[in-house]
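The lines below spell out each chain.
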Amino acid sequence: MSSLEERDVGVAAAPGSSSAGLGVGAVGVAMEAVAGVAAMQEEVGIRRDGPDSEPDEPPKKRAKVPEGESGKLEERLYSVLCCTVCLDLPKASVYQCTNGHLMCAGCFIHLLADSRLKEEQATCPNCSRSSSGQQLRNQDSSERCEISKNLCCRNLAVEKAVSELPTECTFCLKQFARSSLERHQKEECQDRVTQCKYKRIGCPWQGPFHELPAHEGECSHPTKTGTELMGILGEMDQSHRRDMQLYNTIFSLLCYEKIGFTEVQFRPYRTDDFITRLYYETPRFTVLNQTWVLKARVNDSERNPNLSCKRTLSFQLILKSKVNSALECSFLLLKGPYDDVRIKPVIHHHSFSNDANETEYVPLPISDSVECNKLLAAKNINLRLFIFQVQK
């Protein structure tokens, strides 16, 4: 077998291999595949332009690589560099376990969140499926490769390699490097979906960008009467007032005489039930000369939240101190100074007394299940609590 054939066989076998260092090996296979194609082209060129050719003759064209070779190379790279959990190419960060198996950021966070809900140590799901055979299949989960934010690291080489792979624009169907696709689809593609600049005054048109000038030249909305425009502006004002109401309320609360805030840390615990459930609780803290505790639960204490795709957190505020009279307060939770979770501020009100010392569970206003998984995957949940005492 020639060196070229050996090189090709080595590359073709890479996706099914079970190397212990897949994270580093993936890049090595990718580089070897690219070098293989380049070497094939060079060898073809050497045979055609060998030492017997006349120096005065024009250089002969090198043989083109068949189109099938390029497609096969890309397919091999996709299978080597894909996430071993969802089997798709990562769109952002790439993590790897200590055995080198790759995971995209979404799957990695989801695995950590699931392990927290099931009270198990998170393990790499691909280690138990490794083709190294019967030995790994006979191991229990405690002997699999453990994963955590401390044990796993990002693989920057794979992230760079994936960003250079070609992908198709969903609008014009042309091929672009994954690193430049987002800019192309937002700014450059002539077939990207866009809206009329008169959308704010009621124009519903949307279509490909190259048709936008023709539409705006014929759009009838700029010629609307003042009466028609006043109706549209009234609807816009109502939407603006709803958005501003929250901020105006916060500004008025900041004028109160007694305001307190503190950093709170939710720690995970399990209930004493036969089927334990995950819940969170903070250590006792003091705000406005009173002692408080925060509790939180997942999916309102659903029996198996790990089986649900939609995940939410809800919390309640509990007054631990004894009070002589009712303590009327407003409170809200915001993200902590060192977290990147997105929380929309929502103000809650409650009148605390010795008989009504805890609020109802209220939703933690996070944007979606992805943000919830980020919180569940963390060792603790760090937020900032504001309490405003209403003066009578």
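Remember, it's a predicted structure, so these values are computed and weren't measured experimentally. (Residues numbered from 1 in each chain as written. Predicted model: local features only at pLDDT ≥ 70, side-chain atom pairs only at ≥ 80, totals over all residues. Heavy atoms only, no water.)

**Focus: the overall build of the protein chain**
Point 1. In terms of regular secondary structure, the protein chain is built from 10 helices and 16 strands.
Point 2. The buried share among the 392 residues of the protein chain stands at 37%.
Point 3. Accessible surface, the protein chain as shown: approximately 23,900 Å² in total, 51% of it carbon and sulfur. (Helix = DSSP H or I, 4+ residues; strand = E, 2+ residues; numbered from the N terminus. Buried < 20%, exposed > 50% of the residue type's maximum accessible area, 1.4 Å probe, protein only. Areas by Shrake-Rupley, 256 points an atom, 1.4 Å probe, with all protein chains shown as cover.)

**With respect to the environment of Tyr279**
Point 1. Following the sequence through the fold, Tyr279 ends up in strand β9 (residues 278-281).
Point 2. You can call Tyr279 partly exposed: its relative accessible area is 24%.
Point 3. As for Tyr279 and Arg297, which are separated by 18 residues in sequence, their C-alpha atoms are 4.7 Å apart.
Point 4. Among residues more than four places away in sequence, those in contact with Tyr279 are Arg267, Pro268, Tyr269, Arg270, Thr271 and Ala296. (Contact = heavy atoms within 4.5 Å.)

**Section: the pattern of salt bridges**
Where charged atoms of side chains with opposite charge meet at close range, the side chains can pair.
Point 1. According to the stated counting rule, one finds 11 salt bridges in the structure shown.
Point 2. Its salt-bridge partner being Lys160, residue Glu164 comes within 3.4 Å of it at the nearest N-O pair.
Point 3. Assessed through its relative accessible area of 52%, Lys160 is described here as exposed.
Point 4. Here Arg384 ties to Glu263 by a salt bridge, and the two come within 2.6 Å at their closest N and O atoms. Residue Arg384 is found in strand β16 (residues 381-389), and its partner Glu263 is found in strand β8 (residues 258-270); the two are separated by 121 residues along the sequence. (Salt bridge = Lys/Arg side-chain N within 4 Å of Asp/Glu carboxyl O.)

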